[in-house]
Structures are given as C-alpha cells and as structure tokens.
Amino acid sequence: EIAGITLNFWYRFVHCLEQLLPQQFRQLRIDNYQPLLLRLIQICVTLLKYPEDVEELQEDQLDDVHRDRRYVSDTIEDCCRLIGGNEVLTNLGERLQQECQTFSATSKNYQGVEACIMAILSISHFVPNDEPSVLPFLFAQVFTNLPSDITKLRYTNNLCIGKYASWLSQHVEYLQPLLPYLAQGLYIPHTASASAVAVKQLCEKCKEQDLGESVLQLYEGLFAQQPALPTTHNRICCLELKDEIELLEGVCKAISSQPPSSPATSNMVARIVQPIGARLAMLMAQPPENMTTSKRVMEDLERLTVIVRFLHPSEKGTVNNNLVVELMKESW
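These remarks concern the structure in this document. (Residues numbered from 1 in each chain as written. Predicted model: local features only at pLDDT ≥ 70, side-chain atom pairs only at ≥ 80, totals over all residues. Heavy atoms only, no water.)

**Some details on the packing of aromatic side chains**
Then, in step 1: Per the stated rule, a full pass over the model turns up nine aromatic pairs.
Then, in step 2: Pairing Phe 143 with Tyr 181 gives two aromatic rings, centres 6.2 Å apart and planes at 10°, and the pair type is stacked. Residue Phe 143 is located in helix α7 (residues 134-145), and its partner Tyr 181 is located in helix α11 (residues 178-185); the two are separated by 38 residues in the primary sequence. Accessibility classification places Phe 143 together with Tyr 181 in one group, the buried group.
Then, in step 3: One aromatic cluster is present, formed by Phe 139, Phe 143, Tyr 164, Trp 167, Tyr 174 and Tyr 181 through successive ring pairs.
Then, in step 4: Above the face of the Tyr 50 ring, Arg 69 is positioned so that its terminal group lies 4.0 Å from the ring centre.
Then, in step 5: A cation sits over an aromatic face here: Arg 154 above Tyr 181, 4.2 Å from the ring centre. (Phe/Tyr/Trp six-rings, centres within 6.5 Å; stacked < 30°, edge-to-face > 60°. Helix = DSSP H or I, 4+ residues; strand = E, 2+ residues; numbered from the N terminus. Buried < 20%, exposed > 50% of the residue type's maximum accessible area, 1.4 Å probe, protein only. Lys NZ or Arg CZ within 6 Å of the ring centre and 35° of its normal.)

Laid out in structure tokens, this is it:
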C-alpha cells in the first residue's frame with residue numbers, strides 16, 4: 001500500500017521531464033536519470049507479483065490486487081516514454097530469464113515469471129516489430145516450457161500473445177505453435193475470455209497469414225460440443241457469449257482477408273452462416289413460451305449482427321453476400 005502511494009509521484013516526474021526544453025537538455029536529464037528508472041522498473045516487477053495466498057483471497061480483495069497491478073503497469077509504461085521500449089524490454093527480459101531459472105529449479109512461486117510477462121505486455125505499444133531477442137525467447141521458450149495448469153499465469157500469457165499480434169504477424173514461425181495454446185485456453189474457465197480476445201487480435205493483425213481455416217475450425221469446435229436444441233445448461237464450453245462474440249468477430253475478419261474468388265472462401269462463409277440459419281429454424285419450432293428458446297434466439301441474432309458487420313469477403317451480389325442476405329430474410 002505504501003509503495004502504491006508513490007506511483008503518482010513517478011507519473012508527475014515523467015510528465016515534468018517530458019516538458020523540459022530544449023530537447024538536448026531534456027535528453028541529458030533523461031540519460032542522467034536512466035539508471036534510476038531502470039531500478040524503478042525492477043521494483044515495479046516485484047510489485048506486480050500476485051501474493052502467495054492469491055487463491056485464498058476473496059473477490060473484493062482480488063479486485064484490489066488487479067487494480068494495483070494496473071497502476072504499476074502504467075508506471076512501467078511511463079518509463080518507456082522516456083527511455084524507449086527497447087531499453088525497458090531488455091531490462092525486463094533479463095529479469096524474466098532470472099525468474100524462469102528460479103521457477104525451473106524450485107517449481108514454486110510462479111508469480112515472478114507471471115509478473116515479468118505482465119510487465120512485458122504492458123509496454124507492447126513501445127516495442128518495435130523487429131525486436132530480435134526478448135520476444136523470441138518469450139514465445140519460443142518460455143511459453144512452451146511453462147506448466148499449463150496455472151490459470152493466472154496462462155491468462156497473462158494469452159493477453160500477451162494478443163498484445164504482440166503485430167510482432168507475431170512479422171514472425172510467422174512463432175505464430176503457428178501459439179494457436180493450439182490459445183485454443184486450449186478457450187476450454188479453461190479462467191482463461192477463456194483472454195484466449196478469445198487474443199485470437200481476435202491475431203486475426204486483425206495477421207491478415208497475410210491465412211488464418212481463416214484455422215480459426216474457423218476452432219470456432220466450429222466450440223459449437224460441436226453444444227446441443228442443437230436449448231437445454232437448461234446449454235453452454236458446454238467455458239466461453240461466455242460476450243467472449244464468443246469477440247472470437248466470432250476475429251473469425252469473420254480472418255475469412256474476409258481470404259481471396260474473394262477462392263472456392264475455399266465461399267465454403268468458409270457458408271460454414272459460418274448456414275449453422276445459424278439451421279439453429280434458428282429449429283429454435284422457432286420450439287414452444288414460444290420457452291424462455292431458454294428465446295435466449296438462444298437472441299444469442300444467434302447477436303451472432304448474425306457480428307457477421308453482417310465484419311464478414312466482407314467479396315463484392316456485392318456474389319454468393320457469399322447472398323447467403324447472409326437470405327439468412328437475414330428468413331430470420332425476420
């Protein structure tokens with residue numbers, strides 16, 4: 001709590017340094033304070049660690065922890081404004097290696113590794129897409145060797161993948177192994193929302209990587225586990241509707257980046273549109289007083305809205321657009 005009080009000072013400190021003129025004098029002062037700022041970053045990583053008893057905290061206590069972590073992350077981001085993303089990332093990368101070695105030796109206290117990854121994702125806007133060392137180490141070695149059953153660690157990993165979607169679009173060799181990792185996260189309650197957002201961000205940034213078929217199969221797999229007709233518990237996967245909508249938006253954007261005239265594109269459009277029409281037809285045959293049926297109809301209408309907004313694979317008047325138009329007409 002005492003450490004958190006100082007964060008406003010560091011925000012004002014960074015702001016004042018940014019206002020110094022002329023530029024040469026400002027840079028001289030920043031260079032003078034750089035060792036202090038790098039030390040501050042290391043302290044912030046320590047403050048980002050979850051408490052050892054995090055699994056025993058009440059919901060309101062956990063909310064306080066998450067709030068404090070956001071403030072600390074903002075402080076690390078402020079440091080990037082002065083000394084640059086590369087310098088900060090290098091500093092964090094060295095700390096990450098140390099924490100990984102400690103965790104590998106003891107298999108305890110994952111909090112240090114998670115805190116480093118949290119810090120790295122918080123500075124994503126300041127890291128260039130040609131960063132050559134820390135991010136390859138993170139995506140190729142750290143993620144693949146961490147245990148998959150620590151949900152808080154996995155949640156942060158998923159967020160980090162999404163934040164660095166632009167970098168991954170330029171380094172395809174690291175992208176493909178991460179997709180199954182995100183797909184698994186969709187079936188874990190605590191990580192499902194972060195996985196869905198990360199998949200959407202990859203679809204938005206990696207338009208040249210032909211992700212359409214991969215993410216569509218992932219989305220179809222979710223529905224393969226759900227009953228066609230409404231039941232009391234109709235969601236077998238761990239994805240809430242709002243998170244599923246995020247995922248569906250990403251799928252639509254990935255399909256939209258495919259060649260318009262390709263038969264594969266038309267097939268993908270049909271696979272995403274026609275199941276909605278089939279479900280709506282079955283739902284409309286159910287008793288109208290069934291509240292579960294009404295809820296499922298509204299869910300499919302939300303999905304249809306996302307498709308209309310974000311699925312644009314070809315020119316007007318072609319079969320792909322006609323599928324959507326016909327589905328809308330039948331729905332109404």
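Here the narrative resumes, following the displayed structure.
**As for the pattern of salt bridges**
Then, in step 1: Summed over the entire model, instances satisfying the criterion amount to 18 salt bridges.
Then, in step 2: Of the charged contacts, one joins Arg 67 and Asp 64 as a salt bridge, the two residues approaching to 3.5 Å between their closest N and O atoms. In this pair, Arg 67 and Asp 64 both sit in helix α4 (residues 59-83), three residues apart, roughly one turn of the helix.
Then, in step 3: With relative accessibility at 37%, the residue Asp 64 sits in the partly exposed group.
Then, in step 4: What emerges from the salt-bridge pattern is a single network uniting Glu 244, Arg 279, Glu 299, Asp 300 and Arg 303. (Salt bridge = Lys/Arg side-chain N within 4 Å of Asp/Glu carboxyl O.)

**Focus: unusual backbone geometry**
Then, in step 1: Geometrically, the link from Leu 21 to Pro 22 is a cis peptide bond, its omega value of 0° lying close to zero.
Then, in step 2: Turning to its location among the elements, Pro 22 is positioned in the loop between α2 (7-19) and α3 (23-48).
Then, in step 3: At Ser 107, a position not held by glycine, the phi torsion is positive, near 55°.
Then, in step 4: Along the chain, the position of Ser 107 falls in the loop between α5 (85-106) and α6 (111-122).
Then, in step 5: Residue class for Ser 107 comes out exposed when judged on its relative accessible area of 57%.
Then, in step 6: Located in the positive-phi region is Asn 109, a residue other than glycine, with phi close to 55°.
Then, in step 7: Counting through the fold element by element, Asn 109 comes out in the loop between α5 and α6.

**Let's talk about the environment of Met 118**
Then, in step 1: By the element assignment, Met 118 lies in helix α6.
Then, in step 2: Exposure remark for Met 118: the relative accessible area of 13% places this residue in the buried category.
Then, in step 3: Separated by 70 residues in sequence, Met 118 and Leu 48 place their C-alpha atoms 7.6 Å apart.
Then, in step 4: In contact with Met 118, not counting residues within four places along its chain, are Leu 48, Arg 69, Ser 73 and Thr 156. (Contact = heavy atoms within 4.5 Å.)

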